[in-house]
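Structural features, examined
Single-letter residue listing:
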Amino acid sequence: MGSNDYLKRWSSNKIASIILTTFFIVSFIEITAEFNEDKVLVWLTKPLILPLLIGYYIRRSNKINPYFLIALFFCWIANLLFIDNTWNYILFGVACFLVYRILVIIIVLKKVKMPDLLPLFLGSIPFVFIYASVAIFTFSTIGDSLYLFLIQGVFTIFLGGLSLVNYVLTSNKANRILFVSTLLFAINQFVFILRFYYEEANFLQAIAMAFFVWAQFLLTKYILHTEKQRNRYLIVNKLKEVV
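I will try to describe carefully the structure that is included in this document. (Residues numbered from 1 in each chain as written. Predicted model: local features only at pLDDT ≥ 70, side-chain atom pairs only at ≥ 80, totals over all residues. Heavy atoms only, no water.)

1. Observations concerning the packing of aromatic side chains
Within this structure, the stated rule accounts for 13 aromatic pairs. Ring centres 5.1 Å apart and planes at 70° place the aromatic pair Tyr57 and Phe68 in the edge-to-face group. In this pair, Tyr57 sits in helix H2 (residues 39-60) while Phe68 sits in helix H3 (residues 66-84), placing the two residues 11 residues apart along the sequence. The class of Phe68 is buried, set by a relative accessible area of 1%. Centroid distance Tyr167 to Phe179: 5.9 Å. Interplanar angle 5°. Geometry classified as stacked. Of this pair, Tyr167 sits in helix H6 (residues 146-169) while Phe179 sits in helix H7 (residues 173-194); the two residues are 12 residues apart in sequence, bridging distant segments of the chain. With relative accessibility at 17%, the residue Phe179 sits in the buried group. (Phe/Tyr/Trp six-rings, centres within 6.5 Å; stacked < 30°, edge-to-face > 60°. Helix = DSSP H or I, 4+ residues; strand = E, 2+ residues; numbered from the N terminus. Buried < 20%, exposed > 50% of the residue type's maximum accessible area, 1.4 Å probe, protein only.)

2. Some thoughts on the packing of helix H4 (residues 87-109) against H7
Relative to each other, H4 and H7 sit at 165°, their axes nearing to 14 Å. Judged by the inter-axis angle, H4 sits roughly antiparallel to H7. Seen along the crossing, H4 lies across H7 with a hand that is left-handed. Of the residues in H7, those touching H4 at Ile90, Phe97, Tyr100, Arg101 and Val108 are Leu178, Phe185, Gln189 and Phe192. Its residues placed into classes, the contact of H4 with H7 shows 7 nonpolar, 1 polar and 1 charged. (Axes fitted to C-alpha atoms, helices over the stretch in contact; angles between N-to-C directions. Parallel < 35°, antiparallel > 145°, perpendicular 65-115°, else oblique. Left-handed = near helix turned anticlockwise from the far one by under 90°. Contact = heavy atoms within 4.5 Å. Nonpolar A, V, L, I, M, F, W, Y, C, P; charged D, E, K, R; others polar.)

3. Quick notes on H2
In this model, H2 (22 residues) spans 32 Å end to end at C-alpha, consistent with the 32 Å of a helix rising 1.5 Å per residue. Those residues of H2 that fall on the buried side of the exposure criterion are Val42, Thr45, Lys46, Pro47, Ile49, Leu50, Leu52, Leu53, Ile54, Tyr56 and Tyr57. (Expected span 1.5 Å × (residues − 1).)

4. Section: unusual backbone geometry
For Glu37, which is not glycine, the phi torsion reads 55° and is therefore positive. For Glu37, the location among the structural elements is in the loop between helix H1 (2-36) and H2.

5. Description of H7
Over its 22 residues, H7 extends 32 Å from the first C-alpha to the last, a length consistent with the 32 Å expected when each residue adds 1.5 Å. Summarising burial for H7: 16 of the 22 residues are buried, a large majority. One side-chain oxygen of the residue at the start of H7 lies 3.4 Å from the amide nitrogen of Ala174, identifying that residue as Asn172. (Polar contact = N/O pair within 3.5 Å; in protein donor to acceptor, adjacent residues only side chain to side chain.)

6. Comments concerning the side chain of Thr45
By the element assignment, Thr45 lies in helix H2. A polar contact is formed between the side chain of Thr45 and the backbone oxygen of Leu41, at a distance of 2.7 Å. Apart from residues lying up to four places away in sequence, Thr45 is in contact with Val26, Ile29 and Glu30.

Have a look at this one:
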């Protein structure tokens with residue numbers, strides 16, 4: 001029985017590795033297509049990125065978090081809406097991404113300790129700077145619609161401050177992964193907005209997508225890592241009860 005469990009686990013990990021490799025290959029092709037402004041290739045590859053990451057998460061997770069899957073679904077819808085690159089679709093995409101961001105915050109709040117207001121405020125300052133820069137440089141280009149981006153920015157600033165403070169107070173692997181992921185998401189959104197301001201939109205779109213891919217992968221690693229930590233905690237508690 002033990003041998004069968006080992007083989008099943010090995011097979012599952014191998015499939016997960018294949019899915020993850022495919023995820024990075026498809027992502028690389030999509031980023032290249034963004035840079036070359038190859039819309040056909042973008043449409044062929046971008047819709048596959050998050051489903052592959054979902055497949056990787058399902059194969060590696062010991063206890064699947066349905067809220068995380070729902071969050072990734074909204075993020076996937078947002079990505080599809082961003083492909084068209086027209087303003088109305090982008091606004092709907094931002095709305096979907098806002099739902100995704102709120103769900104991620106709810107998930108993270110269940111896994112980390114909520115800091116006091118002063119440390120949270122101080123930790124949020126770098127992220128406030130990023131979004132303030134977005135507002136200053138792009139308000140004249142996208143006008144009143146900028147407020148929808150800034151509403152989303154409030155949630156990202158909160159998550160950024162939360163992840164930074166927790167990493168400073170408790171410098172462990174999980175908090176480090178979460179902080180880097182949140183930072184990459186913030187930079188991704190900064191670059192995404194800037195593409196409306198500069199002429200080289202394809203170059204900025206490719207960079208934004210690269211940041212997004214790594215940020216989303218790291219967030220998935222964070223979720224998997226915290227699930228593993230929780231499983232270890234439950235096993236230790238059961239052993240204590242037996243003793």
